[in-house]
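Below are the chains, spelled out letter by letter.
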Amino acid sequence: MNILFLTYHGFNPASGISKKMTAQIKGLRQNGHEVHVCSYDYAKDGHLCRFADDEVLKDYGKGAMAAIRQRTSYRCIVDYCLAKKIELVYSRNYQNASPWLVSMFHRLKKLGIHAVQEIPTYPYDGEFKGYPLDKKLGLFIDKAFRRKLSRQMDAVVTFSEAKTIFGQRTINISNGVDFDAIPIHSFTGSIDKELHVIAVAEVHTWHGFDRFIHGLGEYNQTRPARKVFFHIVGDVWEPEMNGSSRAPGFSTYIQRYGIEQYVVFHGKLFGDELNAVFNQCAFAVGSLGRHRSGITHIKTLKNREYACRGIPFIYSECDSDFDDKAYVLKAPADESPIDIEKILDFMDNNSFDAAKIRNSVQSLSWKIQMQKVISSLDT
């Protein structure tokens, strides 16, 4: 099949989202499909442009008007689909439904070109809770047109358990992993005297890492013999660090309990530097606050990446791929501090083999998950 993978932003090698999209494209190609990539980014001359396979498809110019034009002018995508004989457009939702986008997909539908829309997180309205009005403007427009947009699609691709989204049928898949890009965990230390725990994310309130820090503070109040260190890898924005209406700040608990030495902020790490921190740690933390966004069931990418590495981990949402796994510890989906003693008991009373954990998620390769989408369209 001749496929156009459409995203409404650019690719950043340092971005987890970009890495995911690159892996999805690779998965489609591994199944024998021809895949073209359409994105939106800055050109070398500073102009905002729509790109197709790294060639400028449309130059929107500079400034505020360029940003407006790119949200209202999609004719170039339709023309490209006709020229390249595209059979399917795989579009990644950017919470950007609009009358112009509805019109574009309506044209594609009339031309006999199939389309699906991936919604990475559903429902997503709760992610805007506590944001100022100007940040919510795009969501208001999206709400007005997302059902009309979904009607132009063959289906909505989701990592949730939802059977319909915005009135359209869904294709339920799991977030996948690129086994070639993720090395196996190599922990050679001991947890007898100290446990090192890692969390990797571009940190937002729904990650709920404040719950872990709160629990770590309470644990240290007992003057324990065994030390626990929490390593956070990734950007931590000011509202998460200092608190907001959405959640307590990390600093609140760090300062209250005097645990500065036990919470380590690494910033973004990649390659060997990231692997080194992973290999220092014996346990990992997934999301602990999805309930803050009104989400109960989700199949997050991070859970799969941890399993692909072969490291045991904790999370609080419902994830049918992992809820029954022996290497997973479930936390309650509420605001309670994480019970550090429970994690220590879990680690002390179980033996974990990285290769076995990794082997348990072979079915979650992007090759298999993306072919599920194509197969669902053929039936």
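Everything here concerns the structure above.
Now for a quick tour of the structure. (Residues numbered from 1 in each chain as written. Predicted model: local features only at pLDDT ≥ 70, side-chain atom pairs only at ≥ 80, totals over all residues. Heavy atoms only, no water.)

### Focus on the pattern of salt bridges
Cut-off, in case you're wondering: Salt bridges are counted wherever a side-chain nitrogen of Lys or Arg sits within 4 Å of a carboxyl oxygen of Asp or Glu.
Summed over all chains, the structure comprises 19 salt bridges. A salt bridge links K330 to D323; the nearest nitrogen and oxygen atoms lie 3.3 Å apart.

### What about the packing of aromatic side chains?
Geometry of an aromatic ring pair is reported as the spacing of the ring centres plus the angle between the planes. Test applied: Aromatic contacts are taken between Phe, Tyr and Trp rings whose centres are within 6.5 Å, Trp giving its six-membered ring; a plane angle under 30 degrees counts as stacked, one over 60 as edge-to-face, and the others as tilted. Relative accessibility decides the category of a residue: with a 1.4 Å probe and only protein chains considered, values under 20% of the type maximum give buried, values over 50% give exposed, and everything between is partly exposed. Only Lys NZ and Arg CZ are tested; either one counts as a charge over a ring when it is within 6 Å of the ring centre and within 35 degrees of the ring normal.
Going through the model one piece at a time under the given rule, you end up with 17 aromatic pairs. With centroids separated by 6.4 Å and ring planes inclined at 70 degrees, the aromatic side chains of F322 and Y327 adopt a geometry described as edge-to-face. Taken as a pair, F322 and Y327 share a single burial class, namely buried. Among the aromatic residues, ring-to-ring pairing joins F278, Y306, F313, Y315, F322 and Y327 into one connected group. Directly above the ring of F278 sits R309, whose terminal nitrogen or CZ lies 4.0 Å from the centroid.

### Some details on the nonpolar core
To be explicit about the condition: Definition used in this section: a nonpolar core is a set of buried Ala, Val, Leu, Ile, Met, Phe, Trp, Tyr and Cys residues joined via side-chain atoms within 4.5 Å. What makes two residues a contact is simply this: any of their non-hydrogen atoms within 4.5 Å.
Counting 60 residues, the largest nonpolar core has F230 and I343 as its most contacted members. The residues contacting F230, other than those within four sequence positions of it, are V197, A199, F209, F212, I213, L216, Y262, V263, V264 and V285. L6, Y74, V89 and F105 belong to the second-largest nonpolar core, a separate cluster that totals 27 residues.

### Describing the sheet that holds strand β13 (residues 283–285)
How we decide: Any two strands with at least two DSSP bridges between them are considered paired. Think of it this way: any DSSP run of H or I at least four residues long counts as a helix, any run of E at least two long counts as a strand, and we number them from the N terminus. Here an axis means a line fitted to C-alpha atoms, over the contact stretch when the element is a helix, while the angle between two N-to-C directions is reported on a 0 to 180 degree scale.
Reading across the sheet, the 6 strands line up as β12-β11-β10-β13-β14-β15 and stay open at both edges, with parallel pairing between neighbours. Looking at the sheet topology across the chains shown, the edges are occupied by β12 (263–267) and β15 (328–330). Between one strand and the next, the sheet's axes are offset by a mean angle of 25 degrees, whatever the strand orientation. Sheet analysis places strand β10 (residues 194–200) next to β13, joined by 2 bridges and oriented parallel. Across the sheet, residue V197 finds its bridge partner in β13, namely F283.

### Remarks on the sheet that holds strand β1 (residues 2–6)
Taken together, 9 strands build an open sheet; the order of strands is β4-β3-β2-β1-β5-β6-β7-β9-β8 and the sheet is mixed. A single partner strand is all that each edge strand has here, and the edge strands are β4 (55–61) and β8 (164–165). Sheet analysis places β1 next to strand β5 (residues 88–92), joined by 4 bridges and oriented parallel. For L6, the partnering residue across the bridge sits in β5 and is S91. Seen against the sheet, helix α2 (residues 63–72) touches β2 (34–42), β3 (48–52) and β4 and runs at an angle of roughly 125 degrees to β4. Helix α4 (residues 99–110) contacts β1, β5 and β6 (114–119) of the sheet and is inclined by roughly 160 degrees relative to β5.

### Observations concerning the packing of helix α6 (residues 209–221) against helix α11 (residues 340–348)
Axes are the key here: two packed helices are described by the angle between their axes and the distance separating the axes. The line we're drawing: Here roughly perpendicular refers to angles of 65 to 115 degrees, roughly parallel to angles under 35, roughly antiparallel to angles over 145, and oblique to all remaining angles. Residue type decides the class: Asp, Glu, Lys and Arg count as charged, Ala, Val, Leu, Ile, Met, Phe, Trp, Tyr, Cys and Pro as nonpolar, and the leftover types, Gly among them, as polar.
In the contact formed by α6 and α11, the axes pass within 8 Å of each other and the chain directions differ by 90 degrees. It follows from the interaxial angle that α6 and α11 lie roughly perpendicular. Touching F212, G215, L216 and Y219 of α6 are I340, E341, I343 and L344, all from α11. For the contact of α6 with α11, the per-class residue count stands at 6 nonpolar, 1 polar and 1 charged.

### Thoughts on the pairing of β3
Taken across its 5 residues, β3 has 5 buried, putting it largely inside the fold. By the alternation rule, side chains of β3 split into L48, R50 and A52 and C49 and F51, which are all buried. Strand direction decides the pairing type here: β2 and β3, joined by 5 bridges, are antiparallel. Paired with D41 across the two strands is C49, which belongs to β3. Connecting β2 to the next strand, β3, in antiparallel fashion are 5 residues, including G46 with a positive phi near 90 degrees. In terms of strand pairing, β3 meets β4 through 5 bridges, oriented antiparallel. Pairing of C49 across the sheet is with D59, part of β4. Counting the residues that bridge the hairpin from β3 to β4 gives 2 residues, and of these D53 lies at a positive phi of roughly 50 degrees.

Scope: geometric values only; no functional claims are made or implied.
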